[in-house]
Amino acid sequence: MNEERKIEVEEVSAVEAPPRARVEDTVAGGERQRDYLEGFLAKKPEGTSPGAPGGETYEAVVAALKDIYDPEIPVNIYDLGLIYGVDVTDDGHAVVTMTLTTPHCPVAETMPAEVEIRVGAVPGVGSAEVNLVWEPAWDPAKMSDEARLEMGML
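This text gives an overview of the structure that appears in the document. (Residues numbered from 1 in each chain as written. Predicted model: local features only at pLDDT ≥ 70, side-chain atom pairs only at ≥ 80, totals over all residues. Heavy atoms only, no water.)

1. A few points about helix α2 (residues 56-65)
Buried residues of α2: Thr57, Tyr58, Val61, Val62, Ala64 and Leu65, and no others. For α2, the angular spread of buried residues about the axis comes to 160 degrees, placing them on one side. Tucked inside the fold, the buried residues of α2 contact β1 (83-88), β2 (93-98) and α3 (111-120). (Buried < 20%, exposed > 50% of the residue type's maximum accessible area, 1.4 Å probe, protein only. Helix = DSSP H or I, 4+ residues; strand = E, 2+ residues; numbered from the N terminus. Arc of directions from axis to C-beta. Contact = heavy atoms within 4.5 Å.)

2. So, the pairing of strand β3 (residues 127-132)
Sheet topology places β2 next to β3; six bridges connect them, and they run parallel. Bridge assignment links Val96 to a residue of β3, and that residue is Val130. In this fold, β2 hands off to α3, which returns the chain to β3; that crossover is right-handed. (Pairing = 2+ DSSP bridges. Right-handed = clockwise from strand over helix to strand, strands pointing away.)

3. Brief notes about the sheet that holds β1
The strand order across the open sheet built from three strands is β1-β2-β3, with neighbouring strands paired in mixed fashion. What marks the edges here is a single partner per strand, and that holds for β1 and β3. Pairs of neighbouring strands in the sheet enclose a mean axial angle of 15 degrees, with direction left out of account. The pairing of β1 with β2 spans five bridges and is antiparallel. Each bridged residue has a counterpart across the sheet, and for Val86 the counterpart in β2 is Val96. Contacts from α2 reach β1 and β2, with the element oriented near 145 degrees to β1. (Axes fitted to C-alpha atoms, helices over the stretch in contact; angles between N-to-C directions.)

4. Overview of the nonpolar core
Core analysis: the largest hydrophobic core is formed by 30 residues, its most contacted members being Val61, Leu65, Ile77, Met98, Met111, Val115 and Val119. For this core, the secondary structure elements donating two or more residues are α2, β1, β2, α3 and β3. Among the elements that line this core, the one with the most residues is α2, at five residues. Setting aside residues up to four positions removed in sequence, Val115 forms contacts with Leu65, Ile68, Ile77, Val96, Met98 and Val130. (Core = buried A, V, L, I, M, F, W, Y, C linked by side-chain atoms within 4.5 Å.)

Take a look at the structure:
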């Protein structure tokens, strides 16, 4: 049952290159059809509510949050990962769920109020509410890549 197998080796001096594919070869008549994805990525989703992610009001709230910086860390609170959720209703009520780096943070009393004022000032937002939570606890893994780069952690 012990069969001996041999591998045959053939030496060659050159190998002919395979033919290159051409668009003309794949399309009947040589004329390329219109790309069905043309403009797909540039097109905005239809029917997006202003308060839904990608909507005008939602994105304006996120931009407002990116203008608020932690006083001890030179990174905005959104990229720092302190914002856990942004919900904007169709009637303009914004709810921001956030945390702080620690419960003993020096701005624990003022930061939620600043967030509420800044979000409430966004055009399209009628009222703003901030929910400060401690679970799950914040950790550096929640930071965006931009924040890590700013902090020298990348």
